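Tertiary structure, described
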There are 2 protein chains.
Amino acid sequence: MSEAILSPTPAGVDKDQSLVNKVMENAQSAFQLYKRIPAEGRALFLETIGKEIEKIREELVATAGQETNLPPARLNGEINRTIGQAGLFAALLREGSWVEAAIDTEDPNRVPAKPDTRKMLMPVGPVVVFGASNFPFAFSTAGGDTVSALASGSSVVVKGHSAHAKTSELVFGAIEKAIEAAGMPPYTVQHLLGSGRSVGTALVVHPHTRGVGFTGSFAGGKALWEAAQKRETPIPVFAEMSSINPVVFFPDTLEKNGAALAKSYAGSITLGMGQFCTNPGVLLAIQSPALDSFLSLLSTEITAIEPAKMLHKGIHEAYCNGLNHMLAQKGLQVVGQATKAPGGMEAQPVVASVSAADFLANPHFTEEVFGPFSLCVVCEDKQQLAEVLKSFKGQLTTTIMATPEDVKTNTDIIELQQTLAGRIILNNVPTGVEVNASMVHGGPWPATTDGRFTSVGSSAIKRWVRPICFQNFLDEMLPVELKRGNPKGIWRVVNNVTTKEG
Amino acid sequence: MSEAILSPTPAGVDKDQSLVNKVMENAQSAFQLYKRIPAEGRALFLETIGKEIEKIREELVATAGQETNLPPARLNGEINRTIGQAGLFAALLREGSWVEAAIDTEDPNRVPAKPDTRKMLMPVGPVVVFGASNFPFAFSTAGGDTVSALASGSSVVVKGHSAHAKTSELVFGAIEKAIEAAGMPPYTVQHLLGSGRSVGTALVVHPHTRGVGFTGSFAGGKALWEAAQKRETPIPVFAEMSSINPVVFFPDTLEKNGAALAKSYAGSITLGMGQFCTNPGVLLAIQSPALDSFLSLLSTEITAIEPAKMLHKGIHEAYCNGLNHMLAQKGLQVVGQATKAPGGMEAQPVVASVSAADFLANPHFTEEVFGPFSLCVVCEDKQQLAEVLKSFKGQLTTTIMATPEDVKTNTDIIELQQTLAGRIILNNVPTGVEVNASMVHGGPWPATTDGRFTSVGSSAIKRWVRPICFQNFLDEMLPVELKRGNPKGIWRVVNNVTTKEG
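For every chain, the first residue of the written sequence is number 1, and numbering continues from 1 along that sequence. Going through the entries in the order they are written, you letter the chains from A and number the ligands from 1. In keeping with the model being predicted, local features are shown solely for residues with a pLDDT of at least 70 and side-chain atom pairs are shown and tallied solely at 80 or more, while totals for entire chains, interfaces and linings include all residues.

1. Describing the overall build of chain A
As a reminder, the rule being used: A helix here means a DSSP run of H or I that spans at least four residues, while a strand means a run of E at least two residues long, and both kinds are numbered starting from the N terminus. Three classes are used. A residue is buried when 20 or more other C-beta atoms lie within 10 Å of its own, exposed when 12 or fewer do, and partly exposed in between, with C-beta atoms placed from the backbone. Contacts are defined on C-beta atoms placed from the backbone: any two residues whose C-beta positions lie within 7 Å are in contact.
Helices and strands together make up the secondary structure of chain A, namely 15 helices and 19 strands. Seen along its three principal axes, the alpha-carbon backbone of chain A occupies a region of about 75 × 55 × 40 Å. Looking at chain A as a whole, 59% of its 502 residues are labelled buried. Counted over contacts in chain A with a minimum sequence separation of 6, partners at least 24 positions apart contribute 78%.

Written out as structure tokens, the structure is:
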């Protein structure tokens, strides 16, 4: 997503630094205790967080509604997802095989003697999580970054988003209750507010910090990532930054399914007023009467969409400015826009088109306009479509809208799409991200700072761990996951064989 | 390891750049073809590389002997390991489960409908490998970085090490024969020489490069890593840079096993004239008569070691300078040194000691002296031992020399050691790295640039891949590892259950 959340606060830096020092000392002390809590204890803790959130659901929906303009149905759905995410990691911990245990047993008869070596993933230490403005629950205080880090065994410091500060404090209250109810160490999770860049950067560069999760603008994510690389000991920053999620509409499906496509994409483009990282910001197709007809139908659909309020003033201003700047680019034509004039913080949904030649000549067209805007790039032929695809930077998703016939005749284009993004979708809209073991919500730079990881789904835990190999250890010294006899009953690779045997 | 291998070459930069451009274009074209080669084809290719190396073993040993001063037994052992590594990855590819396939099947009845999502690891693209001077085979042209990248499906460009240029060319000749014999695309592996920094940096910053493997000095690794972070699209650099591999000798084992410990550590400190990344460069213990006795025995052992030639002139000079600088530090006392005076490029094995107080007051003591040198830090008590451990930066290994009694009474120290390194060893020497699925040859910065990965063992393949999620794909569009019915018969996580079922 594209949004400026950070602004410099020259004053109060010393006070901020001393607060950050105290918080990170607490986080480090908590980590020393929390990392020893067995998986079952961490699982119960995560479930308790979910229960405490459930207890204050009504208050959360009311408060977040006021702060973010999001409707109750969406907020309730997001609370369900947030509780579900905590439960997903609880289940992952109970099953236990996520630690990637690998064991090679000793062979004293080999020359030289072969030692016993056992490896698993272990938590790295305190993690700093930045709340995201567009997901006040699922990507904020008790969101995916927080629960995945807690699942790994790391303590967490949340920098709440100032655009939903009260919601963030309420959620943190639920976490604090869960810490007490589940008997977790004090300061296992801490919460800071403050809209300035100084607190955020101070958290990232503090020596105790070992990992960072962020969802926001490219400028904000890159600044944190750069600060982390300049540390004496650099640390990973997992920032999800920007994506325009190219969708390719192939000829046969435009011919056969134009009306249905127009309906579903008008919905996807304007879902949540376009304030999703997976919003389809660019639509690609080869010129044809079927494309003209699709765009005309899409225009009709878009004109009927009701403008609605955006998350906050800053996002609304950024959308208006971004949209106006985009509309002023050479070659751009408006395809359709909501007829009802937007008022106040409302966003006007707009779809536009541009020729591939104009698109390729102007890098500005590949920049994200965060909100209900999408740009159709009209290509002369397949070769030009490939050129346009090659011009994109890394993306979270790319989508193939195609009949089986289209798939057969476009393997080259589809293969190209696979180099572009973390998730490749066939005949679905990109909005709507499943939270499961097979999800990749990530992608090559600049979609994220590290396309080797995902911020959604159970693999998100892998961001907060590193492997440690124990050589020749006595059984009583080993973590339970690596002990002889496999008392935890997890899947392990023992002498290159995947097994639950000891 | 600590060694200056890079020197600026202001001349010839334009020529270098045009060569690098051509090589990387070739690597990119080769990748487009090579990534489609099925796992079995890549496995056969890796085995063929091993066979072609075997065919020229005698010539390789003779040439490398001349270039590196390493004895035939060591070089033959290293060739065995190199061929074994290629075979390990061939076996990994045939078994196939390394791709971390995860599948969540569709549920059309859920509201909204749940799509089918399938994830696996896929190769990132051309990889640049820098040969290491201290392993002319196992960490160079056809070494672990190269074969792990080839196993992943990435093409490879090797920057051969100038200190064993002829050996590197011979090994590359074997790879070229294997490319032809196994029917791989031309340019799947390419080879460049040149001692200048310009070629190396140009390879790292070229837009087609997607990953880098390096083993060498901290300065060299950090420079490449920084260049990679400054790219428009940053890429991972896996640099193994420096480690002094702290060994803690606990009181009871010093009391009971002093003589055996002195013998095995004199051997480990001087193995290969100390030119291993896992060389035990610092020994920690609490002051006691048993420690005095151990040091006296260690001194006797060290005096009997024959000086031998180091790998090349640069390394020998760096050892002499580093040693002299270390010996000049306040508080350092020589415990023992080889009595036979070294000649020419020979290194003199030396063991020294220092009080923990002096050690803690002078950060220079934690710097690596690459060669047969080790420093014993004498602590007053357990608390000071903990302080010394806390003063270390990230390490490849740390070792616990302890009886069961020591283990019982020192859980706090042992836990501290686990935060320090990628491999934690009980009652073995750190030299000698197993090449298997449970190895971690890596560790927190500055041991490596990325402690989440290993450069030795089958997990090294994970450095050259990223996950891709395919949503709602038709079976014929999916990679074989993700197809319905599981035709490859690999372990997959299907709806959160690890299974070989379809």
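2. Observations concerning the interface of chain A and chain B
Stated precisely, the cut-off is as follows: Each residue gets one of three labels, nonpolar for Ala, Val, Leu, Ile, Met, Phe, Trp, Tyr, Cys and Pro, charged for Asp, Glu, Lys and Arg, and polar for the others, Gly among them. Pairing between strands is defined by DSSP: at least two bridges between the two strands are required.
Taken together, the contact between chain A and chain B spans 48 residues of the former and 48 residues of the latter. Counting residues per element, the side of chain A that touches chain B draws most heavily on strand 17 (residues 465–471) of chain A, which supplies six residues. A class-by-class count of the residues in the side of chain A that touches chain B yields 23 nonpolar, 17 polar and eight charged. Across three bridges, strand 17 of chain A lies against strand 16 (residues 421–426) of chain B in parallel orientation. Within the sheet, the bridge partner assigned to A:Cys469 lies in strand 16 of chain B and is B:Arg423.

3. Looking at the nonpolar core
Heads up, the rule is: A set of buried residues drawn from Ala, Val, Leu, Ile, Met, Phe, Trp, Tyr and Cys, joined through C-beta atoms within 7 Å, is what defines a nonpolar core.
Within the largest apolar cluster, 319 residues are counted, with the highest numbers of intra-cluster contacts made by A:Phe249, A:Leu284, A:Val377, B:Phe249, B:Leu284 and B:Val377. Dropping the residues within four chain positions of it, B:Val377 is found in contact with B:Val282, B:Leu284, B:Val354, B:Ala356, B:Phe359 and B:Val388.

4. Here we look at helix 3 (residues 57–68) of chain A
All names here are of chain A. Threshold: Expected span, for any helix, means 1.5 Å times one less than how many residues it has.
Given a rise of 1.5 Å per residue, 12 residues ought to cover 16 Å, and the 16 Å separating the end C-alpha atoms of helix 3 matches this to within 8%. Taken together, the buried positions of helix 3 are occupied by Leu60, Val61, Thr63, Ala64, Glu67 and Thr68. Considering only its buried residues, helix 3 is in contact with helix 4 (72–95) and helix 6 (165–181). Among the residues trailing helix 3, Asn69 stands out with phi positive, at a value near 65°.

5. Some remarks on the relation of the copies chain A and chain B
The two chain copies are connected by a rotation around an axis plus a translation along it. Keep this limit in mind: We place the copies in one frame by least squares, fitting the C-alpha atoms of every residue whose pLDDT is at least 70 in both.
Laying chain A over chain B is done by rotating through 180° and shifting 0.0 Å along the axis; what remains is an RMSD of 0.0 Å. In short, the pair behaves as if placed about a two-fold rotation axis. Among all residues of chain A, the one whose C-alpha sits closest to the rotation axis is A:Gln229, at a distance of 4.2 Å. A share of 100% of the interface residues of chain A reappears at the interface of chain B, consistent with the copies meeting face to face through the same patch.

6. So, the sheet that holds strand 2 (residues 117–123) of chain B
Across a sheet, strands are paired by hydrogen bonds formed along the backbone, either parallel or antiparallel in direction. We apply this condition: Lines are fitted to the C-alpha atoms to define the axes, a helix being fitted only along its stretch in contact, and any angle between axes, read from their N-to-C directions, falls within 0 to 180 degrees.
Read from one edge to the other, the open sheet built from 12 strands follows the order 11(A)-13(A)-14(A)-9(A)-8(A)-15(A)-16(A)-17(B)-2(B)-1(B)-18(B)-19(B), with strand pairing classed as mixed. One side of each edge strand has no neighbouring strand; the edge strands of this open sheet are strand 11 (333–337) of chain A together with strand 19 (497–499) of chain B. Looking at each pair of strands side by side, their axes are set apart by 25° on average, direction ignored. In the packing of helix 10 (residues 289–303) of chain A onto the sheet, contacts are made with strand 8 (247–249), strand 9 (282–286), strand 11, strand 13 (350–355) and strand 14 (373–379) of chain A, and the angle to strand 11 of chain A comes to roughly 45°.

7. Side note on the pairing of strand 3 (residues 127–130) of chain B
Residues and elements named next belong to chain B. The test is simple: Handedness of a crossover is defined as follows: with both strands directed away from the viewer, a clockwise route from the first strand across the helix to the second makes it right-handed.
Neither face of strand 3 is left uncovered, since the one carrying Val127 and Val129 and the one carrying Val128 and Phe130 both have all their residues buried. Inspection of the sheet shows strand 3 paired to strand 4 (residues 156–159) by four bridges, in the parallel sense. Note that in strand 4 the partner of Val128 across the bridge is Val157. Viewed along the sheet, the connection from strand 3 through helix 5 (residues 144–152) into strand 4 turns out right-handed. Strand direction decides the pairing type here: strand 3 and strand 6 (residues 211–215), joined by three bridges, are parallel.

8. Regarding the packing of helix 9 (residues 251–270) of chain A against helix 10 of chain A
Residue and element names in this part refer to chain A. Under the convention used in this document: For this classification, under 35 degrees means roughly parallel, over 145 means roughly antiparallel, 65 to 115 means roughly perpendicular, and everything else is oblique.
The geometry of helix 9 relative to helix 10 is characterised by a closest axis approach of 8 Å and an angle of 10° between their N-to-C directions. In this view, helix 9 runs roughly parallel relative to helix 10, as classed from their interaxial angle. Contacts between helix 9 and helix 10 involve Pro251, Leu254, Glu255, Gly258, Ala259, Leu261, Ala262, Lys263, Tyr265 and Ala266 on the former and, on the latter, Ala290, Leu291, Ser293, Phe294, Leu297, Leu298, Glu301 and Ile302. The residue inventory of the contact of helix 9 with helix 10, partitioned by class, reads 13 nonpolar, two polar and three charged.

9. So, the sheet that holds strand 5 (residues 189–192) of chain A
All names here are of chain A. As summarised here, the arrangement of the five strands in space is 5-4-3-6-7, forming an open sheet in which the pairing is parallel. Whereas interior strands pair on both sides, the edge strands pair on one side only; in this sheet they are strand 5 and strand 7 (237–240). Between one strand axis and the next, the sheet turns through 15° on average, direction left out of account. Sheet topology places strand 6 (residues 211–215) next to strand 7; four bridges connect them, and they run parallel. In the sheet register, Val212 faces strand 7, and the bridge partner there is Val237.

10. Topic: the packing of helix 2 (residues 39–55) of chain A against helix 4 of chain A
Residue and element names in this part refer to chain A. The criterion, for reference: Should the near helix be turned counterclockwise from the far one by less than a right angle, the crossing is left-handed, whereas a clockwise turn marks it as right-handed.
Following both chains from N to C, one finds helix 2 and helix 4 inclined at 170°, their axes separated by 8 Å at the closest point. Between helix 2 and helix 4, the angle is such that the two are roughly antiparallel. The handedness of the crossing between helix 2 and helix 4 comes out as left-handed. For the pair helix 2 and helix 4, contact is made by Ala39, Glu40, Arg42, Ala43, Leu46, Glu47, Ile49, Gly50, Ile53 and Glu54 and by Ile79, Thr82, Ile83, Ala86, Gly87, Phe89, Ala90, Leu93 and Arg94, respectively. Looking at the contact of helix 2 with helix 4, its residues break down into 11 nonpolar, three polar and five charged.

11. Focus: unusual backbone geometry
A cis amide bond, omega -10°, links A:Val111 with the succeeding residue A:Pro112. Tracing the chain through its elements places A:Pro112 in the loop between strand 1 (102–104) and strand 2 (117–123). Cis peptide bonds are those with omega within 30 degrees of zero, and the linkage from B:Trp445 to B:Pro446 qualifies with 5°. Although it is not a glycine, A:Asn245 sits at a positive phi angle of roughly 50°. As for its placement among the helices and strands, A:Asn245 is situated in the loop between strand 7 and strand 8. Accessibility expressed as a C-beta count within 10 Å gives 30 for A:Asn245, which makes it buried. Within the chain, A:Asn495 stands out as a residue other than glycine whose phi angle is a positive 45°.

12. Section: the environment of B:Glu346
Residues and elements named next belong to chain B. In this fold, Glu346 is placed in strand 12 (residues 346–347). In sequence terms Glu346 and Leu311 are 35 residues apart; their C-alpha atoms lie 9.3 Å from each other. Setting aside chain neighbours within four positions, we find Glu346 in contact with Pro307, Ala308 and Lys309.

13. Thoughts on helix 5 of chain B
Residue and element names in this part refer to chain B. Burial runs high along helix 5: nine of the nine residues are buried. Of all the positions in helix 5, only Gly144, Asp145, Thr146, Val147, Ser148, Ala149, Leu150, Ala151 and Ser152 are classed as buried. Among the residues trailing helix 5, Gly153 stands out with phi positive, at a value near 105°.

14. A short note on the environment of B:His364
Examined against the element boundaries, B:His364 turns out to sit in the loop between helix 12 (356–361) and strand 14 (373–379). As a C-alpha pair, B:His364 and B:Val377 span 13 residues in sequence and 13 Å in three-dimensional space.

15. Points about the confidence of the model for chain A
Residues and elements named next belong to chain A. Just so we agree on the cut-off: Each residue carries a pLDDT score, the predictor's own confidence in it, on a scale running from 0 to 100.
When pLDDT is averaged across chain A, the result is 95; 97% of the residues are at 70 or more. Long-range and interchain partners of residues 1–10, a stretch whose pLDDT sits below 50, account for 40 contacts in this model, where long-range means more than four residues apart. With pTM at 0.96, the complex prediction returns an ipTM value of 0.96.

16. Here we look at the pairing of strand 14 of chain B
Residue and element names in this part refer to chain B. Across the seven residues that make up strand 14, a large majority, seven, are buried. Residues of strand 14 alternate between two faces, with Phe373, Leu375, Val377 and Cys379 on one and Ser374, Cys376 and Val378 on the opposite face, all of them buried. Where strand 13 (residues 350–355) lies against strand 14, six bridges are found, and the strand directions are parallel. Across the sheet, the residue bridging to Val350 is Phe373, located in strand 14. As for the winding sense of the linkage, the β-α-β connection from strand 13 through helix 12 to strand 14 is right-handed.

17. Focus on the environment of B:His161
The topology assignment puts B:His161 in the loop between strand 4 and helix 6 (165–181). Expressed as a C-alpha distance, the spacing of B:His161 and B:Leu193, which sit 32 residues apart in the sequence, is 7.0 Å.

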